[in-house]
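# Coordinate inspection notes
So you can see what is in the structure, the chains are spelled out below.
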Amino acid sequence: MTPGRIIFLNGTSSSGKSSIARELLDILDEGVFFHLAVDAFNAMRSKRELGDAELDAALRRTRMGFHRSIAAMAEAGNDIVVDHVLSEPWRLLDCLTVLRPEKVLFVGVHCPLDELTRRESARGDRPPGLAAHQYDLVHSHGDYDLECDTSTASPRECAQQIKEFLPHRPSPTAFTRLGRRYLTDGEQPPTAARLHSMSELRVGADPSPAPKSQPLLAGQELDRSSST
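Only a predicted model underlies this, so the values are computations on that prediction, with no experimental measurement involved. (Residues numbered from 1 in each chain as written. Predicted model: local features only at pLDDT ≥ 70, side-chain atom pairs only at ≥ 80, totals over all residues. Heavy atoms only, no water.)

### Here we look at the packing of aromatic side chains
Defined as follows: Only Phe, Tyr and Trp rings take part, Trp by its six-membered ring, and two of them pair if their centres are within 6.5 Å. Stacked means planes under 30 degrees apart, edge-to-face means over 60, and tilted covers everything else. Numbering of helices and strands starts at the N terminus; helices are DSSP runs of H or I of at least 4 residues and strands are runs of E of at least 2. Working definition: with a 1.4 Å probe on protein chains only, accessible area under 20% of the residue-type maximum means buried, over 50% means exposed, and in between means partly exposed.
In total, this model carries five aromatic pairs according to the counting rule given. Measuring from ring centre to ring centre gives 5.4 Å for Phe-8 and Phe-106, while their planes differ by 85 degrees; the resulting arrangement is edge-to-face. In this pair, Phe-8 sits in strand β1 (residues 6-10) while Phe-106 sits in strand β4 (residues 104-110), placing the two residues 98 residues apart along the sequence. With respect to burial, Phe-8 and Phe-106 carry one shared label: buried. Among the aromatic residues, ring-to-ring pairing joins Phe-8, Phe-106, Tyr-144 and Phe-175 into one connected group.

Structure representation (structure tokens):
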């Protein structure tokens, strides 16, 4: 059985991944594609209230199961559109471990922070600051096969760009290159704390304490909610 192809959309909350995925299912006319979204897996969880430690453990298991569900569907010959937020380093490492790298088209879904903040406020179903928390984290690995910007192109236009690029996946793929970097060489993706420090250095910020609205950049609290 020939394993299926995986179009892997990675971006912050409110960046437009789910909208692009829906458009892809509408226009892809070769093969049978399924949209697997991390939010859909989170929504399957029982509704009882969980303590912090129990919730963190459940979310980690959910994401690990999500990654392995993608792999299982693809191994059975299904083509997949993945909608994910790689805001913790281990999520990327886990995906690199369980997915066939040559079958993955890795797509970075970008959007400027001010537009993300506007969308987040308008939709009203995401905690304020979620996209800002994820902004410097999700693309920190710095390598994609294809990138799109949903502030300058519609979901349909992004989907069309992906469709046209799909038959021309590069060799090696971004997943292959990232696997060599992180799994073979032992390099680790930047942590949230390191990225926050790097961001301060980039903008030449003084070493004074960050405003009270900033510490969430180094935490994981916001990622407990829906993330698409």
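### A word on the nonpolar core
Rules: The set of buried Ala, Val, Leu, Ile, Met, Phe, Trp, Tyr and Cys residues whose side-chain atoms join them within 4.5 Å is what this entry labels a nonpolar core. Whether two residues are in contact is decided by their heavy atoms, any of which lying within 4.5 Å being enough.
In terms of nonpolar packing, the biggest core is built from 24 residues, with Ile-6, Phe-8, Ile-70, Leu-99, Phe-106 and Phe-175 touching the most fellow members. Only β1, α2 (38-43), α3 (52-75), β3 (79-84), α4 (89-98), β4 and α8 (174-184) provide two or more residues apiece to this core. Here Phe-106 is in contact with Phe-8, Asn-10, Leu-86, His-141, Asp-143, Tyr-144, Asp-145, Leu-146, Ala-174, Phe-175 and Leu-178, once residues within four sequence places are set aside. Counting 18 residues, the second-largest nonpolar core is a separate cluster that includes Ile-27, Leu-28, Leu-146 and Ala-159.

### What about the environment of Pro-172?
Mapped onto the elements, Pro-172 comes out in the loop between α7 (155-165) and α8. Looking at Pro-172, the relative accessible area reads 30%, which means it is partly exposed. Ignoring sequence-local partners within four residues, the contact set of Pro-172 consists of Arg-177 and Arg-180.

### Comments concerning the state of the cysteines
Rules: What counts as a disulfide here is a pair of cysteine sulfur atoms lying within 2.5 Å.
In total, this model carries zero disulfides according to the counting rule given. Here Cys-111 is not disulfide-linked; the sulfur of Cys-158 is the nearest cysteine sulfur, at 9.9 Å. Free cysteine: Cys-148, not disulfide-bonded; nearest cysteine sulfur from Cys-158 at 3.9 Å.

### Some points on the sheet that holds strand β5 (residues 146-149)
Across a sheet, strands are paired by hydrogen bonds formed along the backbone, either parallel or antiparallel in direction. Selection criterion: In this description, strands pair whenever DSSP reports at least two bridges between them. Axes here mean lines fitted to C-alpha atoms, for a helix over just the part in contact, with angles spanning 0 to 180 degrees between N-to-C directions.
Sheet architecture is open: five strands sit in the order β2-β3-β1-β4-β5, paired in parallel fashion. Edge positions in the sheet fall to β2 (33-37) and β5, since each has one partner strand and no second. Put simply, the sheet's adjacent strands are angled 20 degrees from each other on average, direction ignored. For β4 and β5, the ladder comprises four bridges, and the chain directions are parallel. Across the sheet, residue Val-107 finds its bridge partner in β5, namely Leu-146.

### Quick word on the packing of α4 against α8
Inclusion rule: Angular relationships are summarised with four words: roughly parallel below 35 degrees, roughly antiparallel beyond 145, roughly perpendicular across 65 to 115, and oblique for the angles in between. Rotating anticlockwise by less than a right angle from the far helix to the near helix defines a left-handed crossing, while the corresponding clockwise rotation defines a right-handed one. Ten residues, namely Ala, Val, Leu, Ile, Met, Phe, Trp, Tyr, Cys and Pro, are considered nonpolar, four, namely Asp, Glu, Lys and Arg, are considered charged, and the remaining ones, Gly among them, are considered polar.
Their axes nearest at 10 Å, the elements α4 and α8 cross at an angle of 110 degrees. As the angle between them shows, α4 and α8 are arranged roughly perpendicular. With respect to the hand of their crossing, α4 and α8 are arranged in left-handed fashion. Side by side, α4 and α8 meet where Leu-92, Leu-93, Cys-95, Leu-96 and Thr-97 of the first sit next to Phe-175, Leu-178, Gly-179, Tyr-182 and Leu-183 of the second. Looking at side-chain class alone, the contact of α4 with α8 contains eight nonpolar, two polar and no charged residues.

### Remarks on the pattern of salt bridges
For clarity, the cut-off: Salt bridges are counted wherever a side-chain nitrogen of Lys or Arg sits within 4 Å of a carboxyl oxygen of Asp or Glu.
Per the counting criterion, the structure on display carries 13 salt bridges. With its nearest N and O atoms 2.7 Å apart, the salt bridge here joins Arg-156 to Glu-23. Here Glu-23 lies in helix α1 (residues 17-27) and Arg-156 lies in helix α7, a separation of 133 residues in the sequence. Glu-23 gets classed as partly exposed once you look at its relative accessible area, which sits at 23%. Between Glu-115 and Arg-119 there is a salt bridge; the shortest N-O distance is 2.9 Å. With Glu-115 and Arg-119 both in helix α5 (residues 113-123) and four residues apart, this pair spans about one turn of that helix.

### Overview of α7
In plain terms, the rule: In this description, one arc is meant: the one made by directions from the helix axis to the C-beta atoms.
Taken residue by residue, α7 has Cys-158, Ala-159 and Ile-162 as its buried positions. Buried residues along α7 cover an arc of 100 degrees about the axis, so they all sit on one side. Looking at the buried side of α7, the elements it contacts are β1, α1, β4 and β5.

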